[in-house]
Amino acid sequence: MSLDTIQMVLVTVLTAATPLIIAALGELVAERAGVLNLGVEGMMVCGAALGFAAAVETGSTLVGALAGAGAGLGLAAVFGLLTVGLAANQVASGLALTILGLGLSGLVGAGYVGLKREPAPHLHVPGLSEVPGVGRLLFGQDAFVYAGLGLAVGVSWFLWRTRAGLILRAVGDDHAATHALGLPVRGVRFLAVLFGGACAGLAGSYLSLAYTPFWAPAMTAGRGWIALALVVFASWRPGRVVAGATLFGGATVLQLHAQAASIGLPGQLLSALPYVATILALVLLSLGRRQGGSLAPAALGRDFTPHR
Amino acid sequence: MRLDLVPRARRSPLAASLSPVLAFVTAVLIGGVAVSLLGVSPGAAFAVYFVAPLSELWSLQEIALKAAPLALIATGLAFCYRANLWNIGAEGQFVVGGLAGGWVAVATHGDAGFTVWILPAMLVAGTLAGIAYAMIPALLRARLGVSEILTSLMLVYVAELLLDYMARGPLRDPAGFNFPQSVAFDEAARLPYLMEGETLHAGVLVALVATVLATLVLGRSLFGFATRVVGASPRAARFAGFSEARLTLAAFAISGGAAGLAGIVEVAGRIGQLQPTISPGYGFTAIIVAFLGRLSPLGILIAALVIAVTTIGGEAAQIDLRLPLDLTRAFQGLLLCLVLGADVLTRFRVRLVSGATR
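Keep in mind it's a predicted model, so treat the numbers as computed, not measured.

Chemist: Could you clarify how one ought to interpret the overall build of chain B in this entry?
Modeler: Looking only at helices and strands, chain B features 13 helices and two strands. Since a compact globule built from 358 residues should have a radius of gyration of about 21 Å, the 22 Å found for chain B is in line with a globular shape. Along the first, second and third principal axes, the C-alpha atoms of chain B reach 75 × 60 × 35 Å. Look at the contacts in chain B between residues 6 or more apart in sequence, and 79% of them connect residues 24 or more apart.

Chemist: Would you mind going over the overall build of chain A with me for this structure?
Modeler: Regarding its fold elements, chain A presents twelve helices and zero strands. Starting at the N terminus, the α and β elements of chain A follow one another as α-α-α-α-α-α-α-α-α-α-α-α. Computed over C-alpha atoms, the radius of gyration of chain A comes to 20 Å, within 12% of the 19 Å expected from 2.2 N^0.38 for 308 residues, which places it in the range of a compact globule. When each of the 308 residues of chain A is scored for burial, the buried share is 50%. Partitioning the intrachain contacts of chain A with sequence separation of at least 6 by distance along the chain shows that 79% fall at a separation of at least 24.

Chemist: Would you mind going over the nonpolar core with me for this structure?
Modeler: The nonpolar side chains of soluble globular proteins are, as a tendency, buried together. Within the largest apolar cluster, 223 residues are counted, with the highest numbers of intra-cluster contacts made by Leu-230 of chain A together with Ile-73 and Val-289 of chain B. Take this core: its biggest share by element is 17 residues, from helix α9 (residues 185–211) of chain A. Summarising the domain contributions, this core has at least three residues from each of domain 1 (1–40 + 323–358) and domain 2 (63–318) of chain B. Residues in contact with Ile-73 of chain B, not counting those within four places in the same chain, are Ala-90, Phe-94, Ala-258, Ala-259, Ala-262, Tyr-282, Gly-283 and Ala-286 of chain B.

Chemist: Even after reading the chapter, I still don't get the packing of helix α5 (residues 115–144) of chain B against helix α6 (residues 148–168) of chain B, so can you show me in this structure?
Modeler: Two quantities define a packed helix pair, namely the angle between the axes and the distance from one axis to the other. All names here are of chain B. Here α5 crosses α6 at 155°, and the two axes come no closer than 9 Å. In terms of orientation, α5 and α6 fall into the roughly antiparallel class. The chirality of how α5 crosses α6 is right-handed. When α5 is examined against α6, the residues Tyr-133, Ile-136, Pro-137, Ala-138, Leu-140 and Arg-141 are found in contact with a partner set consisting of Glu-148, Thr-151, Ser-152, Leu-155 and Ala-159. For the contact of α5 with α6, the class distribution of residues is seven nonpolar, two polar and two charged.

Chemist: What is the right way to look at unusual backbone geometry in this model?
Modeler: Note on backbone geometry: most residues besides glycine have negative phi, and most peptide bonds are trans. All names here are of chain A. For the bond running from Thr-212 to Pro-213, omega is -25°, close enough to zero to count as cis. The residue Pro-213 is located in the loop between α9 and α10 (223–233) in this model. With a phi angle near 60°, Trp-236 is a residue other than glycine that sits in the positive phi range. As for its position among the elements, Trp-236 is in the loop between α10 and α11 (238–261).

Chemist: Honestly, the environment of Asp-4 of chain A in this entry has me stumped. Any pointers?
Modeler: All names here are of chain A. Position of Asp-4 among the secondary structure elements: in helix α1 (residues 3–32). Linking Asp-4 and Val-134, residues 130 residues apart in sequence, is a C-alpha distance of 8.2 Å. Discounting chain neighbours no more than four positions away, the residues touching Asp-4 are Pro-132 and Gly-133.

Chemist: Would you mind going over the domain arrangement of chain B with me for this structure?
Modeler: A common way to state how big an interface is: give the accessible area lost once the parts meet. Residues and elements named next belong to chain B. Assigned domains within chain B: domain 1 (1–40 + 323–358) and domain 2 (63–318). For domain 1 versus domain 2, the distance between C-alpha centres works out to 29 Å. The interface is formed by 13 residues belonging to domain 1 together with eleven residues belonging to domain 2. Breaking the side of domain 1 that touches domain 2 down by element, the ones donating at least two residues are α1 (13–37) and α13 (326–347). Take the side of domain 1 that touches domain 2: its biggest share by element is eight residues, from α13.

Chemist: How should I be thinking about the confidence of the model for chain B in this particular structure?
Modeler: Any region with low pLDDT has predicted coordinates that should not be read closely. Residue and element names in this part refer to chain B. This prediction gives chain B a mean pLDDT of 87; 97% of its residues lie at or above 70. At the level of individual helices and strands, chain B shows its lowest average pLDDT in strand β1 (residues 2–7), which scores 72, and its highest in helix α4 (residues 90–107), which scores 94. Prediction confidence for the complex, expressed as pTM and ipTM, is 0.89 and 0.86 respectively.

Chemist: Help me understand the packing of helix α3 (residues 61–85) of chain A against helix α4 (residues 90–109) of chain A in this model?
Modeler: Residue and element names in this part refer to chain A. Contact geometry for α3 and α4: axes closest at 10 Å, N-to-C directions at 155°. Overall, the two elements α3 and α4 adopt an arrangement that is roughly antiparallel. As for the relative orientation of α3 and α4, their crossing is right-handed in sense. Packed against α3, whose contacting residues are Leu-75, Val-78, Phe-79, Leu-82 and Thr-83, the element α4 presents Gln-90, Ser-93, Gly-94, Leu-97 and Gly-101 at the interface.

Chemist: Can you help me understand the interface of chain A and chain B in this one?
Modeler: Contact with chain A, which involves 45 residues of that partner, is made by 42 residues of chain B. Of all the secondary structure elements, the ones that give two or more residues to the side of chain A that touches chain B are α3, α4, α9, α10 and α12 (267–288) of chain A. Counting residues per element, the side of chain A that touches chain B draws most heavily on α4 of chain A, which supplies twelve residues. Tallied by class, the residues present in the side of chain A that touches chain B amount to 31 nonpolar, 13 polar and one charged.

Chemist: Please explain the environment of Arg-136 of chain A as it appears in this structure.
Modeler: All names here are of chain A. The residue Arg-136 is located in helix α5 (residues 135–139) in this model. Exposure remark for Arg-136: the 20 C-beta atoms within 10 Å place this residue in the buried category. C-alpha separation for the pair Arg-136 and Val-125, spaced eleven residues apart in sequence, amounts to 9.7 Å. Once you skip the residues sitting within four places of it in the chain, Arg-136 turns out to touch Gln-7, Val-11 and Ser-129.

Chemist: Sorry, what's going on with helix α7 (residues 163–173) of chain A here?
Modeler: Helical geometry note: an α-helix holds 3.6 residues per turn, so side chains three or four residues apart project in the same direction. For α7 of chain A, the set of buried residues is Leu-168, Arg-169, Ala-170, Val-171 and Gly-172 of chain A. Of the surrounding elements, those touching the buried residues of α7 of chain A are α1, α6 (143–161), α8 (175–180) and α9 of chain A.

Chemist: I would appreciate a short explanation of helix α7 (residues 203–220) of chain B in the present structure.
Modeler: All names here are of chain B. Across its 18 residues, α7 extends 26 Å between first and last C-alpha, which sits within 8% of the 26 Å expected from 1.5 Å per residue. Within α7, burial applies to Gly-203, Val-204, Val-206, Ala-207, Ala-210, Thr-211, Ala-214 and Leu-218. Take α7 and look down its axis: the buried residues cluster within an arc of 140°, on one side only. Turned more than 90 degrees away from the buried face of α7, the exposed residues are Val-209, Val-212, Leu-213, Leu-216, Gly-219 and Arg-220. On the buried face of α7, the contacting elements are α3 (57–82), α8 (222–232), α10 (244–271) and α12 (297–320).

What counts as what
- Residues numbered from 1 in each chain as written.
- Chains lettered and ligands numbered in written order.
- Predicted model: local features only at pLDDT ≥ 70, side-chain atom pairs only at ≥ 80, totals over all residues.
- Helix = DSSP H or I, 4+ residues; strand = E, 2+ residues; numbered from the N terminus.
- Rg over C-alpha atoms; globule rule 2.2 N^0.38 Å.
- Contact = placed C-beta atoms within 7 Å.
- Buried ≥ 20, exposed ≤ 12 C-beta atoms within 10 Å, placed from the backbone.
- Core = buried A, V, L, I, M, F, W, Y, C linked by C-beta atoms within 7 Å.
- Domains from an automatic or database assignment.
- Axes fitted to C-alpha atoms, helices over the stretch in contact; angles between N-to-C directions.
- Parallel < 35°, antiparallel > 145°, perpendicular 65-115°, else oblique.
- Left-handed = near helix turned anticlockwise from the far one by under 90°.
- Nonpolar A, V, L, I, M, F, W, Y, C, P; charged D, E, K, R; others polar.
- pLDDT = per-residue confidence, 0-100.
- Expected span 1.5 Å × (residues − 1).
- Arc of directions from axis to C-beta.

The following block contains the structure:
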């Protein structure tokens with residue numbers, strides 16, 4: 001296998017990993033603040049639909065990406081109002097948002113089925129992008145890929161190097177104590193949920209603007225749920241989200257190649273692999289951690305109502 | 001401005017029964033606005049969605065046929081959700097149940113020796129397959145602490161792909177001109193019709209029996225009590241000696257079995273053969289039904305009928321008013337949001353106070 005073939009494979013792996021990285025990082029921040037948002041899939045698919053629609057109407061990929069993030073943000077605001085504002089059950093509310101998001105995305109996207117757009121432009125640095133072996137991998141990706149990796153660094157820095165990040169983690173670990181210190185528990189949680197939703201929407205718009213690039217109903221195909229599993233798999237650490245998503249992207253690309261090469265296995269079996277792999281990853285993770293106890297934020301999934 | 005939630009000393013029974021109604025009315029109002037934005041008169045849409053389905057015999061039967069699997073699945077899910085266990089993979093258990101039961105029918109196709117036993121065998125096979133499939137997330141949760149939310153959902157995709165493979169591959173009708181479907185089941189492998197020449201089949205009775213059984217078990221048995229205690233306060237449940245692991249397995253077995261049974265009832269009743277897809281998302285819609293019915297069997301039965309009416313109405317609206325089918329799904333998602341939001345009224349008194357958010 002030549003150097004360039006390896007590079008091509010790595011490029012596709014990173015492309016498949018990017019939507020997972022972006023969505024999982026957003027969810028990670030929300031969960032670090034103690035909110036389990038199961039609506040990621042719905043926010044993602046809405047981001048894909050609205051992002052594509054906006055990009056087609058304006059002709060601008062940037063506007064599309066912003067619209068996608070906005071769609072996720074809007075749904076997240078509903079979710080935040082329910083779970084943070086009204087202390088509704090987080091699991092059920094998340095499911096409701098996923099169902100709502102799938103329906104809304106179908107409504108928004110109905111007029112855009114079958115349309116195609118140029119994929120998001122790739123970076124081109126004269127000289128550097130042509131370096132054999134690494135040029136395309138390092139200097140020839142689209143903006144989403146760099147944004148995803150930058151987001152990982154940013155989230156990591158925010159959570160462990162800033163005061164606000166410390167407060168956010170404290171809210172997720174012990175909301176009563178944080179409240180007693182006079183810190184705004186519900187405000188922090190609401191903002192974290194909004195951030196998570198915007199990331200999910202952005203990740204969805206990546207699918208319809210760069211990955212495919214077209215809109216098809218329910219095109220996220222469970223990627224939002226896989227992003228949720230990745231957060232657990234990464235034990236709530238941004239660096240491990242990137243590593244896990246890359247592994248996962250690798251598995252996806254492998255499966256696509258196997259399907260194309262028609263190696264005699266039924267296509268359905270290969271399509272089921274990502275889902276089976278997710279379950280296996282979660283099982284192995286918990287087997288490896290029998291003694292260590294859970295690394296989840298202590299207040300994850302518990303609602304908080306301040307009263308005196 | 002700040003929203004203050006003052007806990008009630010006890011759940012208000014009035015608010016508890018009124019909050020789903022309030023949520024439904026609000027959802028209908030918002031739906032009316034959405035419909036008029038799509039250029040259709042809300043009055044006409046209301047008539048198509050909620051009045052027309054109730055005015056003819058065939059559509060009434062359709063409502064019952066759609067409500068039966070929803071009620072059956074949601075009743076099973078109520079056991080899980082009451083115990084704070086999140087089985088969201090009922091869709092997968094439904095599919096696996098239909099597949100296993102349908103397999104029995106295909107395997108005995110054309111064999112006169114099995115006629116009396118074939119239908120019971122199918123129903124048992126479907127139920128057992130649903131239970132077995134639900135045991136995967138249940139065991140992983142009880143033994144290893146793996147989140148049942150994610151595993152049960154991932155298994156939905158696996159089940160759908162498995163059915164797709166079986167219907168196009170091993171179980172396909174060899175004489176079926178390559179259509180991706182199995183042989184049409186024998187008469188003995190079909191659920192009997194309740195009325196001559198109509199579509200209503202015996203599956204709706206299964207759902208009614210399940211409602212009665214679940215009401216008795218949840219309200220009148222120690223197991224039903226333990227379910228509620230584990231959900232409300234795991235610590236108290238431990239002190240009372242209720243095993244959380246055993247309860248997890250039992251609740252998943254009930255919901256998986258109910259979903260599997262619903263799956264084979266759908267296959268042996270309405271469809272009559274195996275196809276690559278057998279469910280229009282019953283397993284997910286049932287989650288809405290379970291919460292709309294406030295996790296009580298009787299409430300679930302009513303909620304299943306309401307959701308079935310909107311689904312039939314949605315299909316009619318697609319034809320008559322050219323309103324997209326996704327509108328129905330969005331409406332159902334919105335309804336669940338509102339139900340959950342309105343639930344706050346039963347637990348808290350809501351006050352608007354001036355001042356900063358805390």
